[in-house]
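# A structural walkthrough
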Amino acid sequence: VQLQASGGGLVQTGGSLRLSCAAAGRTFSVYVMGWFRQAPGKEREFVAAINRSGGSTVYADSVKGRFTISRDNAKNTVYLQMHSLKAEDTAVYYCAADRRITIATFGDAKHIDYWGQGTLVTVSS
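Residues numbered from 1 in each chain as written. Predicted model: local features only at pLDDT ≥ 70, side-chain atom pairs only at ≥ 80, totals over all residues. Heavy atoms only, no water.

In this structure the tally under the stated criterion is one disulfide. Between the sulfur atoms of Cys-21 and its disulfide mate Cys-95 the distance is 2.1 Å. Handedness here is read from the sign of the S-S torsion; for Cys-21 and Cys-95, about 60°, the answer is right-handed. Note that Cys-21 is positioned in strand E3 (residues 17–24) and Cys-95 in strand E9 (residues 91–98), a separation of 74 residues in sequence. Cys-95 gets classed as buried once you look at its relative accessible area, which sits at 0%. (Disulfide = S-S within 2.5 Å. Helix = DSSP H or I, 4+ residues; strand = E, 2+ residues; numbered from the N terminus. Buried < 20%, exposed > 50% of the residue type's maximum accessible area, 1.4 Å probe, protein only.)

This is the structure:
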């Protein structure tokens, strides 16, 4: 599956953004979807994941209560709604997809099948 992330941009501290990740292909609903991010000079870190139906989600502690992951299987799209943005949220955000692993292990997976190209989020203080 090919993933295309969008929605990044420049926002002030405390602001909101919604990222989208559109998947090409007819089998979107078989994939567990997630978001990772990588800040300048830092390692990539897990942000959130959502199961195939959209009924279960998991978040990194750093974004819990501020970010919401959701998906629309009819539109082959996964979203990341971000509120109360902080300077430390500045990063390139990547969406990812895998059909074999669960959301519980998504963040620690050694290998994820598919990645989007990334979209830059910059939070100015």
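Bringing the environment of Thr-57 into the picture now. As for its position among the elements, Thr-57 is in strand E6 (residues 57–59). When the C-alpha atoms of Thr-57 and Ser-70 are compared, they prove to be 8.2 Å apart, with 13 residues separating the residues in sequence. If we ignore the near neighbours within four places in the chain, the residues touching Thr-57 are Ala-49, Ile-50, Ile-69 and Ile-103. (Contact = heavy atoms within 4.5 Å.)

As a further point, take the environment of Met-33. Mapped onto the fold, Met-33 is located in strand E4 (residues 32–38). The buried category is assigned to Met-33, whose relative accessible area is 0%. Put simply, Met-33 and Phe-46 are 13 residues apart on the chain and 12 Å apart in space, counted from C-alpha to C-alpha. With residues near it in sequence (within four places) discarded, Met-33 still touches Leu-3, Cys-21, Phe-28, Ala-48, Ala-49, Ile-50, Ile-69, Arg-71, Val-78, Ala-96, Ala-97 and Phe-106.

Read from one edge of the open sheet, four strands run E1-E3-E8-E7, paired in antiparallel fashion. Single-partner strands in this sheet number two, and they are strand E1 (2–6) and strand E7 (67–72). Strand-to-strand twist across the sheet, computed as the mean angle between neighbouring axes with direction ignored, equals 15°. Judged from the six bridges that link them, E7 and strand E8 (residues 77–82) form a sheet pairing that is antiparallel. When the bridges of E8 are listed, Arg-71 appears paired with Val-78. (Pairing = 2+ DSSP bridges. Axes fitted to C-alpha atoms, helices over the stretch in contact; angles between N-to-C directions.)

Bringing the pattern of salt bridges into the picture now. In the structure shown here, the tally under the stated rule is six salt bridges. Of the charged contacts in the structure, one is a salt bridge between Arg-100 and Asp-98, with a shortest N-O distance of 3.8 Å. A single salt-bridge network, built from bridges that share partners, covers Arg-37, Glu-45, Arg-66 and Asp-89. (Salt bridge = Lys/Arg side-chain N within 4 Å of Asp/Glu carboxyl O.)

Core analysis: the largest hydrophobic core is formed by 39 residues, its most contacted members being Met-33, Trp-35, Leu-80, Met-82, Tyr-93 and Phe-106. Contact partners of Met-82, with chain neighbours within four places excluded, come to Gly-15, Ser-16, Leu-17, Leu-19, Arg-66, Phe-67, Tyr-93 and Val-121. (Core = buried A, V, L, I, M, F, W, Y, C linked by side-chain atoms within 4.5 Å.)

In this structure, Thr-119 sits in strand E11 (residues 119–124). Using a relative accessible area of 9% as the deciding quantity, one classes Thr-119 as buried. From its side chain, Thr-119 meets the backbone nitrogen of Gly-8 in a polar contact 3.0 Å long. The contacts of Thr-119, once residues within four sequence positions are left out, are Ala-5, Ser-6, Gly-7, Gly-8, Leu-19, Ala-91, Val-92 and Tyr-93. (Polar contact = N/O pair within 3.5 Å; in protein donor to acceptor, adjacent residues only side chain to side chain.)

Now for the side chain of Ser-20. Along the chain, Ser-20 turns up in strand E3. Not counting residues within four places of it along the chain, the set of residues in contact with Ser-20 comprises Gln-4, Ala-5, Ser-6, Trp-35, Thr-77, Val-78 and Tyr-79.

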